[in-house]
Amino acid sequence: VVPGEPNISKYSDKAPKEYAACVLPLWRQEIPGSTQSAISNGYRITAPSIITADEILVIVKSKDGSQVSLYQGPPWAKSGALRQAVRDCL
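Residues numbered from 1 in each chain as written. Predicted model: local features only at pLDDT ≥ 70, side-chain atom pairs only at ≥ 80, totals over all residues. Heavy atoms only, no water.

Visitor: Can you explain the side chain of Glu55? Please cite residues and give values.
Guide: In this fold, Glu55 is placed in strand E4 (residues 55–62). Of the side chains with opposite charge, Arg83 comes closest to the buried, unpaired Glu55, at an N-O distance of 6.2 Å. Side-chain polar atoms of Glu55 contact the side chain of Gln72, separated by 2.5 Å. (Helix = DSSP H or I, 4+ residues; strand = E, 2+ residues; numbered from the N terminus. Buried < 20%, exposed > 50% of the residue type's maximum accessible area, 1.4 Å probe, protein only. Lys, Arg positive; Asp, Glu negative; His and termini not counted. Salt bridge = Lys/Arg side-chain N within 4 Å of Asp/Glu carboxyl O. Polar contact = N/O pair within 3.5 Å; in protein donor to acceptor, adjacent residues only side chain to side chain.)

Visitor: Provide a residue-level description of the environment of Asp88, including the pertinent values.
Guide: In this fold, Asp88 is placed in helix H2 (residues 80–88). For the pair Asp88 and Cys22, spaced 66 residues apart in sequence, the C-alpha to C-alpha distance is 8.8 Å.

Visitor: Report on H2, specifying residues and quantitative values.
Guide: Among the residues of H2, those classed as buried are Leu82, Ala85 and Val86. Each buried residue of H2 sits inside an arc of 100° when the element is viewed along its axis, so together they form one side. The elements touched by buried residues of H2 are helix H1 (16–30), strand E3 (42–47), E4 and strand E5 (65–71). (Arc of directions from axis to C-beta. Contact = heavy atoms within 4.5 Å.)

Visitor: Summarise the sheet that holds E4; cite the residues concerned and give the values.
Guide: Strand order in the open sheet made by the five strands is E1-E5-E4-E3-E2, with antiparallel pairing throughout. Each having just a single partner strand, strand E1 (8–12) and strand E2 (35–39) make up the two edges of the open sheet. Taken over all neighbouring pairs, the strand axes of this sheet differ in orientation by 20° on average, direction set aside. For E1 and E5, the ladder comprises five bridges, and the chain directions are antiparallel. (Pairing = 2+ DSSP bridges. Axes fitted to C-alpha atoms, helices over the stretch in contact; angles between N-to-C directions.)

Remember that the coordinates give geometry; whether it matters functionally is a separate question.
So, in structure tokens, the structure goes:
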């Protein structure tokens, strides 16, 4: 279950599979327990958090690429490195 509004919502020209393949290794460098799972129209990448809600990236197919939505916990718990990976892979 994804909580509320995304912290970041972006569009990528890459297909969901290609985008996920870019982000997942970067997230795993930061949080080794990060996992990827297929959802009906794309992928969900989850970085587990010990302290607060998991950080979740939802990548869904859109017209000519992917819609990317990042959901993060409270501001003090957000990972800047995960957010940067989301931007770097666009």
